[in-house]
Amino acid sequence: MRNGYGNKREKTVQPVAKRSRLIVLNKPYGVLTQFSDDQGRQTLADYVPVKEVYPAGRLDRDSEGLLLLTNDGRLQARIAEPRHKMSKTYWAQVEGAATEQQLQQLRQGVLLKDGMTQPAKAELLNDPELWPRNPPIRYRASIPTSWISLTISEGKNRQVRRMTAAVGLPTLRLVRVRIGEWQLNGLQPGEWREVML
């Protein structure tokens, strides 16, 4: 098309919108929640070949289970930032036989060095059917273990481990099984799938 001066009108080129992607990963024990490491430890790059996705939140190297990765900054913030209060469910194998009194303490909130935790949903679990951990946890024949399910919606550093320790139940194994609406749904350690947004 020409404008009134006989010149061609320039076309406005719209940038191609980047498709939002969300990856659900079962992070194995011993893997760092980052894509590179100068000490040669295992990272997400060993499992997820997708470019330009980043973890939405943390999962400690010695913890396992659900990790979400995305290229969408707003979604990443909604998942990771504590102010959004997205609930996360963990299964913790703890040292000792968890009592109702200890579970009630977790439900009411626990005093940690950096303040009081918000009330959590805590319940005793039958031994869940999970993949074997490599390496296995250290068992002591004289001390029983039990499993608890803990759902929190804040994000203090190593919060679940510190909460269980504060009520006398040190965590031996920690597996995250749910973040908001997303779950592992049968993924084995190191496996991932992309979900539609």
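Here's what I pulled together on the structure shown here.

Rules of the game
- Residues numbered from 1 in each chain as written.
- Predicted model: local features only at pLDDT ≥ 70, side-chain atom pairs only at ≥ 80, totals over all residues.
- Heavy atoms only, no water.
- Helix = DSSP H or I, 4+ residues; strand = E, 2+ residues; numbered from the N terminus.
- Buried < 20%, exposed > 50% of the residue type's maximum accessible area, 1.4 Å probe, protein only.
- Polar contact = N/O pair within 3.5 Å; in protein donor to acceptor, adjacent residues only side chain to side chain.
- Contact = heavy atoms within 4.5 Å.
- Pairing = 2+ DSSP bridges.
- Salt bridge = Lys/Arg side-chain N within 4 Å of Asp/Glu carboxyl O.
- Core = buried A, V, L, I, M, F, W, Y, C linked by side-chain atoms within 4.5 Å.
- Arc of directions from axis to C-beta.

A few points about the side chain of Thr-70
Point 1. Here Thr-70 is to be found in strand S3 (residues 64–70).
Point 2. You can call Thr-70 buried: its relative accessible area is 1%.
Point 3. A polar contact of 2.6 Å, which involves the side chain of Thr-70, links it to the backbone oxygen of Arg-21.
Point 4. Beyond its immediate stretch of four places on either side in the chain, Thr-70 contacts Arg-21, Leu-22, Glu-52, Val-53, Tyr-54, Leu-75 and Gln-76.

Quick notes on the pairing of S3
Point 1. Of all 7 residues in S3, 7 are buried; the element is thus mostly enclosed.
Point 2. Relative to S3, strand S2 (residues 54–55) runs antiparallel, the two being bridged by 2 bridges. When the sheet's bridge partners are listed, Pro-55 is paired in S3 with Leu-69.
Point 3. In this structure, S3 lies alongside strand S9 (residues 171–179), joined through 2 bridges in parallel fashion. Each bridged residue has a counterpart across the sheet, and for Gly-65 the counterpart in S9 is Arg-176.

A short note on the pattern of salt bridges
Point 1. Using the criterion set out here, one finds 9 salt bridges in the structure.
Point 2. In this structure, the salt-bridge partner of Arg-41 is Asp-37, at a minimum N-O distance of 2.9 Å.
Point 3. Overall, Arg-41 belongs to the partly exposed group, its relative accessible area being 28%.
Point 4. Between Glu-100 and Arg-107 there is a salt bridge, with the nearest N and O atoms lying 2.5 Å from each other.
Point 5. Shared partners join several salt bridges into a network, and the residues in it are Asp-60, Asp-62, Arg-158 and Arg-161.

Things to note about helix H1 (residues 73–80)
Point 1. When H1 is considered as a whole, its buried residues turn out to be Leu-75, Ala-77 and Ile-79.
Point 2. Each element contacted by the buried residues of H1 is listed here: strand S1 (22–27), S3, strand S4 (88–95), S9 and strand S10 (182–183).
Point 3. Its side-chain oxygen placed 3.0 Å from the backbone nitrogen of Arg-74, Asp-72 serves as the N-cap of H1.

A few points about the nonpolar core
Point 1. One finds Leu-106, Ile-148, Leu-150, Ile-152 and Met-163 to be the most contacted residues of the largest nonpolar core, which totals 28 residues.
Point 2. For this core, the secondary-structure elements that each account for two or more residues are S1, S3, S4, helix H2 (100–108), strand S8 (145–152) and helix H3 (159–166).
Point 3. Residue contacts for Leu-106: discarding those within four places in its chain leaves Pro-119, Ala-120, Ala-122, Ile-148, Leu-150, Met-163, Thr-164 and Val-167.
Point 4. The next biggest cluster of nonpolar side chains, apart from the first, holds 16 residues, and it includes Leu-22, Leu-75, Val-177 and Leu-184.

Considerations on the side chain of Asn-26
Point 1. With respect to the element layout, Asn-26 can be found in strand S1.
Point 2. If sequence neighbours within four positions are ignored, Asn-26 has contacts with Gly-65, Trp-131, Leu-184, Leu-187, Gln-188, Pro-189, Gly-190 and Glu-191.

Thoughts on H2
Point 1. Looking at H2, one finds that the buried residues are Gln-102, Leu-103 and Leu-106. Projected down its long axis, H2 shows its buried positions confined to an angular sector of 100°, all on one face. Exposed residues pointing more than 90 degrees away from the buried face of H2 are listed as Gln-101 and Gln-108.
Point 2. In this structure, the buried side of H2 is in contact with strand S7 (121–125), S8 and H3.
Point 3. Once H2 ends, the next one or two residues include Gly-109, with phi positive near 105°.

Examining the pairing of S1
Point 1. For S1, the buried fraction is high: 6 of the 6 residues fall into the buried class.
Point 2. By the alternation rule, side chains of S1 split into Leu-22, Val-24 and Asn-26 and Ile-23, Leu-25 and Lys-27, which are all buried.
Point 3. Across 4 bridges, the pairing between S1 and strand S11 (residues 192–195) is antiparallel. If you follow Leu-25 over to S11, its bridge partner there is Trp-192.

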